[in-house]
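What follows is each chain in one-letter form.
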Amino acid sequence: MRVSYGVPLAPLTTLGIGGPATSLVELRELAEFPDIVEEVRHCPAPPVCLGEGSNVLVGDQGCTLPVLRIATRGLRVVGTDDRNQVLVEVQAGHPLWDLVETLIAEGLVGMEMLAGIPGTVGATPVQNVGAYGQEVSDTLRSVEAWDWELGRRVSLDASECALGHRSSMFKRTRRWTVLSLLFALRRAELSCPVTYRSVAEELDVPLGSSVPPAQAARAVVAVRRRKGMVLNSRERDRRSIGSVFFSPEVGGATAAGLRDLGAPVSRFPDGSTRVSASWLIRQAGFDLNHPLTPGVRISSVHYTLVADDGASAAGFREAVDIVLRQVLDRTGVLLTPEIDFVGD
């Protein structure tokens, strides 16, 4: 366990915005976690967890609560289940991109469409990370976590985690710190069916096709790169947190009206019908590179927000509100931010 004081948090996030942490505790070995519990036991609230900072906006004044950076690494096959699925245990600080690449190399399918997503594996159940037809809930079996309210380690079945569209019981609360995860994958030579048109077009295959998992992953990364959604793929738009807004749920006449306008309205794994947030932003009159507040603008390649020099947390939040209000005024659909706001 390593404790540092007055640590700038901006360099630890992909947006590069925000003030310092009064104290930063780094967890590199899971065996050290009891020491961290002792270190923060006198604090008025549980620590703020930070992985790779890819979905985080830190306040300009920083954070007075201890910030716990999860930097544990490692994964291992622990056996098979009664359906002959391979069970893989992963430490919470392990990079998601590395997990996906390792699974593909081992001939295990179920997460290949998550290729290119930044962040740690421990962050994936918090908002049920998903892309291009796959979600973490498809393969997650259980979560080991520290329950700060009960003061003990708990094991949670995936069915107990309230996993929904970019949501879970871990979202918007610091009650639990995810320590490790168990996934169930299947051995196969072909990927899950390709259900997104952009990925199918990249692969030059019909929708619903299955291809070697490595090919599927490369196609997904290529699509993400064109949108500036692969970290450091585009220097000018590199300070991003990916999707700023949830795809909002729509139904009935609203969904039908949006489809008539050509909106991408899709059925999601949780049973909800949702419309693309980026389509709504474009429909509301925003252009690529559109300036919003000092240092904050629409990306040059995709309808999301990015930061430049001079950006601040307050300015970024104001930019979020500007987009939210204009989308509501022009389309009648209310967007909801999916960013984790951290700090004082």
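Residues numbered from 1 in each chain as written. Predicted model: local features only at pLDDT ≥ 70, side-chain atom pairs only at ≥ 80, totals over all residues. Heavy atoms only, no water.

Some points on the side chain of S23
Line of reasoning, step 1. Structurally, the position occupied by S23 is in strand β2 (residues 20-27).
Line of reasoning, step 2. Residue classification places S23 among the buried residues on the basis of a relative accessible area of 12%.
Line of reasoning, step 3. Not counting chain neighbours up to four residues away, the residues in contact with S23 comprise S4, Y5, L65, P66 and V67. (Helix = DSSP H or I, 4+ residues; strand = E, 2+ residues; numbered from the N terminus. Buried < 20%, exposed > 50% of the residue type's maximum accessible area, 1.4 Å probe, protein only. Contact = heavy atoms within 4.5 Å.)

Comments concerning the environment of G315
Line of reasoning, step 1. Among the secondary structure elements, G315 is positioned in helix α7 (residues 313-331).
Line of reasoning, step 2. With a relative accessible area of 9%, G315 lands in the buried category.
Line of reasoning, step 3. A sequence separation of 166 residues divides G315 from E149, and the C-alpha atoms of the two residues are 34 Å apart.
Line of reasoning, step 4. When residues no more than four places from it in sequence are discounted, the contact partners of G315 are T293 and V296.

Digging into the pairing of strand β6 (residues 75-80)
Line of reasoning, step 1. Here 5 bridges tie β6 to strand β7 (residues 86-91), and the two strands are oriented antiparallel to one another. Its bridge partner being in β7, G79 is matched across the sheet by L87.
Line of reasoning, step 2. The turn joining β6 and β7, which pair antiparallel and follow one another in sequence, is formed by 5 residues; a positive phi near 65° is taken by N84. (Pairing = 2+ DSSP bridges.)

With respect to the sheet that holds strand β17 (residues 296-298)
Line of reasoning, step 1. Here we have 3 strands laid out as an open sheet, ordered β16-β17-β18, and antiparallel in their pairing. At either margin of the open sheet sits one strand with a lone partner, and together these are β16 (291-293) and β18 (305-307). Averaged over all pairs of adjacent strands, the angle between their axes in this sheet comes to 35°, without regard to strand direction.
Line of reasoning, step 2. Pairing analysis gives 2 bridges linking β16 to β17, with the strands arranged antiparallel. In the sheet register, P291 faces β17, and the bridge partner there is R297.
Line of reasoning, step 3. This element, α7, spans β16, β17 and β18 of the sheet and lies at about 120° to β16. (Axes fitted to C-alpha atoms, helices over the stretch in contact; angles between N-to-C directions.)

Overview of the UniProt feature "active site" (unreviewed entry) in the protein chain
Line of reasoning, step 1. Under the UniProt annotation, the feature "active site" (unreviewed entry) is placed at R166, S243 and E338. Across 173 residues of sequence, these annotated residues stay compact in space, with a maximum C-alpha separation of 10.8 Å.
Line of reasoning, step 2. Note that R166 resides in the loop between β12 (152-157) and β13 (176-187).
Line of reasoning, step 3. Those residues in contact with R166 that sit more than four places away from it in its chain are Q127, N128, V129, G130, A131, E135, K171, F246 and E338.
Line of reasoning, step 4. Within polar-contact distance, the side chain of R166 engages the backbone oxygen of N128 at 3.4 Å.
Line of reasoning, step 5. Along the chain, S243 turns up in the loop between α4 (213-226) and α5 (252-260).
Line of reasoning, step 6. Residue S243 is classed as partly exposed on the basis of its relative accessible area, which comes to 38%. (UniProt positions renumbered as here; feature names shortened; annotations may be inferred. Polar contact = N/O pair within 3.5 Å; in protein donor to acceptor, adjacent residues only side chain to side chain.)

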